[in-house]
Each structure stands twice: as C-alpha cells, then as structure tokens.
Amino acid sequence: RAFNEFTFEKPVNSLDFSDDGCNLVAADDGSLRIYNAVSGEYGDILVKAAKIGVDLVRYTHHTDGVIHASKNGGNDDSIRYLSLHEHRYIRYFRGHRGPVVSLCVCPTGDQFLSSSQDGTLRLWDLRTQAGQGLLRVSCPRPVAAYDPTGQVFGVLTSPTVLRLYDVRSYDRGPFSSFQIAPDAFDPPGVAIEAACLKFSPDGKYMLLPTRHHGILLLDAFTGSKLRTLRDHYPPDHTLRPSPTAPLLEASFSPDSQFIASGAADGRVLVWSAERGVPVAIWQPPALPAEGPLPATALRWNPRKAMLATGCGPLCFWIPDGARMAEAADAAGVALPPMPFGYPAP
C-alpha cells in the first residue's frame, strides 16, 4: 500500500517498527506519524517538531516510546525521548556538538548508542539523561550499531576501518579491527561514506551501505568483504562521485536470508544474502510530478512478512514468495517455502 492520501511536507527520512511488528513510526524533517502495520491505517498521532527537526526515529522496547535525533542543526543536536501516549518529551540527551548520524537501541535493554559528525560515539540509558560512555573517533560519518546480543557494538572509526567493541570494556579499546579493502569498481580517491551499519539478526554478517562504493556485505567475525551489491546503481555498475548522491539505507530480513535496499529511482531491490544475487525488484507506485524519489528509508518488519519504505509516499510491501522463489531458482539459490518464516500481516 502507498499512503498517497497523506503525504509529509518533505520525503520520509526515517522509519521504524515496534518490537511486536504491529506499529510503524515514520518521520520527515519536521513531524512524526504512527501507522498500524496490520490494518494499513495511520493513526491520529501527529507530532509537529518543525523547529528542531526530526531524524533517525527509533522505537524503544515500549510501544508508546520513541527516540529521535534533531534535524535542523543550529546549536541543538540533542536526542529526544518522546512519549507517544502523553504527546510530550520525557527526556533530553545532550552532549553531541554536530549532527547525529546513527541512533541504535540496544536489542536487549534500555540502553542506546548515538554517533555524530562531531567525532564521538556516546552510550546512553533511557532511564537517565546522563551519558554512560564516550568514544572519540576520526571518521567524518562514524556510523555505528549494536550486534544482536547487545554486548558488542561496531563503529566506522575511519573511512576504511571498522572496529568492534565490547560494551562492558569499550574504554580498553576494540577487540577487533577490520580494514575495508577497495575493489575495482570503487571510484578512485573517494572516501567511503556510509549511510548506516547493520548486523544481521543471526550475527553472521555486517552491512555497510555507502554513497559511492555499493552495499558492502562483511563477515562479522573476520571483517572480510564477502561481496559488494551494486544492482541499484546505473547499468555500468558505477555511480559518479557527487556530494548530492543519495545515501540509501539497506537492511536484513528477520531471518538474515535477504537484504533489501532502495534505489535512486524509487525501486526496492531484494538480494539473497548468501549468494548476493537479486531475487526481487519492486517498482514504486505512482510517482510525484517532479519525478522519482530515492527510497532512502527502509525497514523490514521484525514479526511480519512485510517491508516499509519511504520514497516520497510511505509504502508497505508484502513479498510475493512464489515470484521470489522462481528468481532464486534461476540463480541457484534455495529459499524456504514461507517467505522469511513469518506470516503476512
């Protein structure tokens, strides 16, 4: 379903599902809206925050609470904890002196991490506004994320170095450091700029979608580059270096078998994580008058066989298991009979 009957003032920049998969929160630069992921209806909760802006909206483990970063810059780069039930901010997390580029809730508790263009990664706890930890890095865009256990976090500490830290002893330094090697299709002299960092739900892989270097699939234990996904690029598999090229989000399916990413023309591509071959390409709905918009925000539902994207209109997608199986068979990839092992909404 495409929510054409309601459009944000600006394109959707971030979205997230609740833990039970029943609700979705979506944001543009200045507002939030809650959607029912089962019925496909949007609720009457609309939070206006045009002055501070809204970015990187994330559900906590409570269905009536979300956190989000500020968007409009200025002197306020704080993170806000919003009660959806009371329609008010519960707490402010201050400390960053630059735009926040990553916001990740710990999968096992009330902790979360944030990283910023100010060259810091900060650890927080939802129950107190006091910071719980600080790590300084030298990357202009230090994307970061927790692994599925919540005991490890990864961060891009420089454009070519990814490091893993134990949450309990991060101040002693990383326990693993991985050098990201270039390949033949990478534009020469252009540093890696990542949209986000994701761990697969089974903990085996890491995903690093970049502006000019494709979507990097890495081994979570060795750091080796398993493959680079470029099918969302132009036919020559290159993307001309440009500071205005979109940063496209990518994400693992709940069973870690698939990777989905948006494309600059609004399409959504789905790959087999094991083989790196496309098994589905979904075309966007009716395009806005100004032409296709990139699908920059994307999330798998953690409990249902569905995907949500923000590419102008917010869209809910339900995978066609039969068609994906046919494409997988043609590529020599074995898929389970039920998409992702989860029911459709």
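See the structure shown above.
Residues numbered from 1 in each chain as written. Predicted model: local features only at pLDDT ≥ 70, side-chain atom pairs only at ≥ 80, totals over all residues. Heavy atoms only, no water.

Assigned secondary structure in the protein consists of one helix and 27 strands. Within the protein, contacts between residues at least 6 apart in sequence are counted, and of these 47% link residues at least 24 apart. With the model as given, the accessible surface of the protein reaches about 14800 Å², and the carbon-plus-sulfur share is 51%. (Helix = DSSP H or I, 4+ residues; strand = E, 2+ residues; numbered from the N terminus. Contact = heavy atoms within 4.5 Å. Areas by Shrake-Rupley, 256 points an atom, 1.4 Å probe, with all protein chains shown as cover.)

This part covers the pairing of strand β22 (residues 258-262). Both faces of the sheet carry side chains from a regular strand, because those side chains alternate between them. Burial analysis of β22 places five of its five residues in the buried class, which makes it a mostly covered element. Burial of the side chains of β22 extends over both faces: F258, A260 and G262 are buried on one face and I259 and S261 on the other. When strand β21 (residues 250-252) meets β22, the two strands line up antiparallel, connected through three bridges. Bridge pairing in β22 links F252 to I259. Linkage of β21 to β22, two consecutive antiparallel strands, is achieved through a turn of five residues, within which S256 is found at a positive phi near 70 degrees. When β22 meets strand β23 (residues 268-272), the two strands line up antiparallel, connected through five bridges. Paired with G262 across the two strands is V268, which belongs to β23. (Buried < 20%, exposed > 50% of the residue type's maximum accessible area, 1.4 Å probe, protein only. Pairing = 2+ DSSP bridges.)

A separate point is the sheet that holds strand β20 (residues 225-229). Taken in spatial order, the four strands line up as β17-β18-β19-β20 in an open sheet, and their pairing is antiparallel. Every other strand in the sheet has two partners, leaving β17 (198-199) and β20 as the edge strands with one partner each. In the sheet, β17 pairs with strand β18 (residues 205-209) via two bridges, with the strands oriented antiparallel. Counterpart to K198 in the pairing with β18 is L207.

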